[in-house]
Amino acid sequence: RALTDACLLDCFDVVVTADDVERRKPDPEGLLQAAMRLGVDPARVAYVGDTAIDVRASRAAGMFPVAVLTGAGDGARLAAAGAARLVAGHADLVTVFGATRD
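Participant: Explain the sheet that holds strand β2 (residues 64-68) here, please?
Facilitator: Hydrogen bonds between backbone atoms are what pair the strands of a sheet, whose relative direction is either parallel or antiparallel. The 3 strands lie next to each other as β1-β2-β3, forming an open sheet whose pairing is parallel. The two strands at the open ends of the sheet, each matched to only one other strand, are β1 (46-49) and β3 (85-87). Averaged over all pairs of adjacent strands, the angle between their axes in this sheet comes to 25°, without regard to strand direction. Examined bridge by bridge, β1 and β2 share 4 bridges and lie parallel to one another. Counted as the bridge partner of Y47 is P65 from β2. Strands in contact with helix α3 (residues 52-61) are β1 and β2; relative to β2, the strand with the most contacts, it is inclined by about 170°.

Structural data, given as structure tokens:
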């Protein structure tokens, strides 16, 4: 189904958008706000993104940066930005996180 505001609110426990922060990525404010709302230590969070800005924001937040090669970034730039893991696509995230689900 189309990704709508209603779908975002129904599909996720927390949604943080640019409207919720004063500083946008690569500042980690939004990432840290999401972790806080979830009650999770940022050091225990993996942040998945597809740009060097996502990787830098994740690192600045103290999170584990995973880069997906389906967006605007290429492997060399994402690795240079500090991605801890690179995956070809979202389906490959299972290799990083395993197939378990609560």
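We are not done yet, so read on.
Participant: Where do I start with the environment of L93 in this structure?
Facilitator: Here L93 shows up in helix α5 (residues 93-97). Linking L93 and V68, residues 25 residues apart in sequence, is a C-alpha distance of 8.5 Å. Other than its neighbours up to four places away in sequence, L93 contacts V48, V66, V68, V87 and G98.

Participant: What am I meant to see in the side chain of S58 here?
Facilitator: With respect to the helices and strands, S58 occurs in helix α3. Since its relative accessible area comes to 0%, S58 is described here as buried. Sequence-distant contacts of S58, defined by excluding residues within four places in its chain, comprise L31, Y47, M63, F64 and P65.

Analysis parameters
- Residues numbered from 1 in each chain as written.
- Predicted model: local features only at pLDDT ≥ 70, side-chain atom pairs only at ≥ 80, totals over all residues.
- Heavy atoms only, no water.
- Pairing = 2+ DSSP bridges.
- Helix = DSSP H or I, 4+ residues; strand = E, 2+ residues; numbered from the N terminus.
- Axes fitted to C-alpha atoms, helices over the stretch in contact; angles between N-to-C directions.
- Contact = heavy atoms within 4.5 Å.
- Buried < 20%, exposed > 50% of the residue type's maximum accessible area, 1.4 Å probe, protein only.

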